Amino acid sequence: PGKKVLIVYAHQEPKSFNGSLLKIAVEELTKQGCSVTVSDLYAMQFEPRATRNDVVDGLNNSEVFNYGMESREAYQRGCLSKDLVEEQKKVQEADLLIFQFPLYWFNMPAILKGWMDRVLVPGFAYDLSKPGGLLQGKLCLFSFTTGGTKEKYATRGDIRYLLWPMQRGLTQFCGLKVLEPHICYAPEHASEEKRKEMLTAWTQRLKTLWKEEPIDGSPEWYFK
Ligand code: FAD
């Protein structure tokens with residue numbers, strides 16, 4: 001009770017399987033006494049492009065634009081665009097971040113990747129001179145659905161390989177501890193009964209989520 005959860009959700013359709021997974025997480029975590037915030041990226045029409053518009057008070061160097069440098073300095077001056085400031089505040093307040101999305105081309109949908117690119121700016125999420133990331137003390141969990149079945153993923157390469165850029169390259173780099181991913185394989189090709197089972201499994205997992213240990217996050221976890 002009292003924990004703060006931010007769910008960053010990337011699906012266009014509330015009636016989708018991802019929409020159902022979101023609804024379950026909001027209901028179950030609220031029932032536990034957590035305070036839950038949802039960033040519904042498509043509904044917000046979240047801007048995924050990292051551009052000059054993210055700096056509101058003029059650029060340090062408008063002749064040659066460098067997004068990393070400009071966003072870091074704008075963060076320090078308090079001059080990032082309003083949508084980014086709002087998202088950063090949600091991240092700052094959260095004990096746990098859940099990313100809920102369908103797998104697109106072995107990765108997260110572009111709108112969610114854009115959220116990562118624009119919200120996790122240097123100075124806020126990481127600082128190259130301070131190894132370990134600036135978001136330490138927080139947890140995150142990647143919850144996603146696939147088109148491919150579990151069997152296909154088992155024979156064509158371990159799905160953990162896909163998690164290396166998302167978890168290791170991104171959230172672990174920023175200091176977040178990572179819980180086991182929650183993967184619902186091929187809901188479109190599953191029977192109604194199997195889909196219900198997958199939704200129940202998510203509810204069950206959420207019930208004991210706060211007792212879970214994070215993954216060790218070593219290269220072996222991903223590529224053993
Ligand atoms: P939906 O189609 O919304 O849901 C599946 C079914 O569940 C529907 O019939 C829905 O009505 C039903 N449902 C919803 N809620 C409930 C409920 N409460 N109870 C019972 N049934 C319910 N897949 C891969 O594996 N690898 C890839 O690289 C990949 N790349 C892609 C790239 C793109 C651009 C796109 C569009 C798809 C890609 N896919 C890929 C497939 C994609 O990951 C799946 O289509 C997606 O994960 C399915 O999730 P959904 O929420 O959209 O399912």
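These remarks concern the structure in this document. What you are looking at is a predicted structure, and each value in this text was computed from that prediction instead of being measured.

Overview of the packing of helix 1 (residues 17-31) against helix 7 (residues 192-207)
Viewed as axis vectors pointing N to C, helix 1 and helix 7 meet at an angle of 30 degrees, and their least axial separation amounts to 10 Å. Comparing their axes, helix 7 and helix 1 come out roughly parallel. Note that helix 1 runs across helix 7; the crossing there is right-handed. Between helix 1, through F17, S20, L21, I24, A25, E28, L29 and K31, and helix 7, the contact on the second element is made entirely by R195, M198, L199, W202, T203, L206 and K207.

Some details on a nonpolar patch on the surface
Taken together, the side chains of Y161, W164 and F223 present a nonpolar region at the surface, about 290 Å² in accessible area. Mapped onto the fold, F223 is located in helix 8 (residues 219-223). Take F223: its relative accessible area is 40%, and that puts it in the partly exposed class.

A closer look at the packing of helix 3 (residues 82-93) against helix 4 (residues 110-119)
The geometry of helix 3 relative to helix 4 is characterised by a closest axis approach of 10 Å and an angle of 90 degrees between their N-to-C directions. As far as their axial angle goes, helix 4 and helix 3 are roughly perpendicular. Two secondary-structure elements touch here, helix 3 through D83, L84, E87, Q88 and V91 and helix 4 through W115, R118 and V119.

Here's the deal with unusual backbone geometry
Look at Q45: it is not a glycine, yet its phi comes out positive at around 50 degrees. Here Q45 lies in the loop between strand 2 (35-40) and helix 2 (67-77). Not every positive phi belongs to a glycine, and W105 is a case in point at roughly 50 degrees. Along the chain, W105 falls in the loop between strand 3 (96-102) and helix 4.

Quick notes on the environment of D54
Turning to its location among the elements, D54 is positioned in the loop between strand 2 and helix 2. Judged by relative accessible area, which is 3%, D54 ranks as buried. Sequence separation between D54 and A74 is 20 residues; the distance between their C-alpha atoms is 8.5 Å. A polar contact is formed between the side chain of D54 and the side chain of R118, at a distance of 2.8 Å.

Reading the values: rules and limits
- Each chain has its residues counted from 1, running along the sequence as written.
- Under the rules for a predicted model, residues below a pLDDT of 70 receive no local features and side-chain atom pairs below 80 are neither given nor counted, while totals for whole chains, interfaces and linings still include all residues.
- Each side-chain value is derived from all of the structure's non-hydrogen atoms; neither hydrogens nor water enter the calculation.
- Lines fitted to C-alpha atoms define the axes, with helix axes restricted to the stretch in contact, and inter-axis angles between N-to-C directions lie between 0 and 180 degrees.
- What counts as a helix is a DSSP run of H or I of at least four residues, what counts as a strand is a run of E of at least two, and both are numbered from the N terminus.
- When an angle is under 35 degrees it counts as roughly parallel; over 145 it counts as roughly antiparallel; between 65 and 115 it counts as roughly perpendicular; any other value is oblique.
- By definition, any crossing whose near helix is turned counterclockwise from its far helix by less than a right angle is left-handed, and any crossing with a clockwise turn is right-handed.
- Contacts are residue-level and defined by heavy atoms, with any inter-residue pair within 4.5 Å sufficient.
- A patch consists of residues exposed above 30% relative accessible area that lack any salt bridge, with like charges linked at up to 9 Å and nonpolar side chains (Val, Leu, Ile, Met, Phe, Trp, Tyr) linked at up to 5 Å.
- We get accessible surface area from the Shrake-Rupley algorithm with a probe of 1.4 Å; when it comes to residues, only the shown protein chains can shield them.
- One side-chain nitrogen of Lys or Arg within 4 Å of one carboxyl oxygen of Asp or Glu is enough to make a salt bridge.
- The classification of residues rests on relative accessible area computed with a 1.4 Å probe and restricted to protein chains. Under 20% of the type maximum is buried, over 50% is exposed, and intermediate values are partly exposed.
- The term polar contact refers here to a pair of N or O atoms within 3.5 Å; inside protein, the definition further demands a hydrogen-donor-capable atom paired with an acceptor-capable atom, and it admits residues adjacent in sequence only when both atoms are side-chain atoms.

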